[in-house]
Amino acid sequence: PVPDTALSNGFERTYSYLNGGSRLSRNTKALRWVVGLEVQKSDLQGTILNRDQSISNGFTNLLPSANLRYQFNQVGHYPFTYQTSTLEPSLTQLQPFVDNTDPLRTYVGNPDLTPQYQHNLRTDFRRFDQFSFQSIDLFANLGYSRNEIVNSRVVDAQGRMNFPWR
């Protein structure tokens, strides 16, 4: 078989991350809190083989966090956690050419994708009575993402689907 270089892909990539940050905390009998701030620097260098193309992306993000735990008595406590994180696009998602392995479902890379930035808030209430063996456990989790990395779907008149990354 002779490969079609226009439809073949091969690549070399290097992802590097540099993280640094600081946290402050305080503990008392009833209250424990920790707040932090991290700086994350990421760098992607990629070369698409058999094409004279390269992909280069770099991003710097601030990642705050907070953790609070209130111990209201010996049998119950109330924790609260806030965290942020990023999700970098993969080199496959960034490659600016069509993957038509299945001609009815083609995928197109987008070299302009930016990292997904995620916020997560979690809290719960726990109470356990050691004498009656009764417990209450309630929790809530809330998440929010900015710049989500997703596929859109475009269907043409012949019923073929195209999935460009957005």
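Look up: the structure comes first, before these words.
Residues numbered from 1 in each chain as written. Predicted model: local features only at pLDDT ≥ 70, side-chain atom pairs only at ≥ 80, totals over all residues. Heavy atoms only, no water.

A. Region of the structure containing the overall build of the protein. Each helix and strand in the protein was counted, giving 1 helix and 10 strands. Each helix (α) and strand (β) of the protein, taken in turn from the N terminus, gives the series β-β-β-β-α-β-β-β-β-β-β. Taking 166 residues into account, the globule formula puts the C-alpha radius of gyration at 15 Å, and the protein, at 24 Å, lies well above it. On the principal axes, the C-alpha backbone points of the protein span a range of 75 × 40 × 25 Å. Put simply, the protein has 166 residues, and 23% of those count as buried. Contacts in the protein between residues at least 24 apart in sequence constitute 55% of all its contacts with a sequence separation of at least 6. Surface exposure of the protein reaches about 11500 Å², of which carbon and sulfur atoms provide 53%. Computing the positive centroid from 16 side-chain charges and the negative centroid from 14, the protein places the two 13 Å apart. (Helix = DSSP H or I, 4+ residues; strand = E, 2+ residues; numbered from the N terminus. Rg over C-alpha atoms; globule rule 2.2 N^0.38 Å. Buried < 20%, exposed > 50% of the residue type's maximum accessible area, 1.4 Å probe, protein only. Contact = heavy atoms within 4.5 Å. Areas by Shrake-Rupley, 256 points an atom, 1.4 Å probe, with all protein chains shown as cover. Lys, Arg positive; Asp, Glu negative; His and termini not counted. Charge placed at Lys NZ, Arg CZ, Asp CG, Glu CD.)

B. Representation of the packing of aromatic side chains within the structure. Using the criterion set out here, one finds 2 aromatic pairs in the structure. Here the aromatic rings of Phe128 and Phe133 are separated by 6.3 Å at their centres, their planes lie at 65°, and the arrangement is edge-to-face. Under the relative-accessibility criterion, Phe128 is labelled partly exposed at 39%. When the ring centre of Tyr117 is taken as origin, the NZ or CZ atom of Arg146, which lies over that ring, is 4.8 Å away. (Phe/Tyr/Trp six-rings, centres within 6.5 Å; stacked < 30°, edge-to-face > 60°. Lys NZ or Arg CZ within 6 Å of the ring centre and 35° of its normal.)

C. Representation of the pairing of strand S8 (residues 134–146). Among the 13 residues in S8, 0 count as buried, and that is only a small part of the element. Examined bridge by bridge, strand S7 (residues 116–129) and S8 share 13 bridges and lie antiparallel to one another. Across the sheet, the residue bridging to Arg122 is Asn141, located in S8. Linking S7 back to S8 in an antiparallel pair, the connection comprises 4 residues, with Phe133 at a positive phi of about 60°. (Pairing = 2+ DSSP bridges.)

D. Local environment of a nonpolar patch on the surface. Side chains of Leu31, Leu68, Tyr70, Phe72 and Tyr78 sit close together on the surface and give an oily, nonpolar patch of about 400 Å² of accessible area. Considering every element that reaches the nonpolar patch, the biggest residue donor is strand S3 (residues 53–73), with 3 residues. In this fold, Tyr78 is placed in strand S4 (residues 76–87). Tyr78 gets classed as partly exposed once you look at its relative accessible area, which sits at 37%. (Patch = residues over 30% accessible without salt bridge, like charges linked within 9 Å, V, L, I, M, F, W, Y side chains within 5 Å. Salt bridge = Lys/Arg side-chain N within 4 Å of Asp/Glu carboxyl O.)

E. The sheet that holds S7, seen in detail. With antiparallel pairing, the 6 strands of this open sheet are ordered in space as S1-S2-S3-S4-S7-S8. The open sheet has two edge strands, strand S1 (11–27) and S8, and neither has a second partner. In this sheet, adjacent strand axes meet at a mean angle of 10° when their direction is disregarded. (Axes fitted to C-alpha atoms, helices over the stretch in contact; angles between N-to-C directions.)

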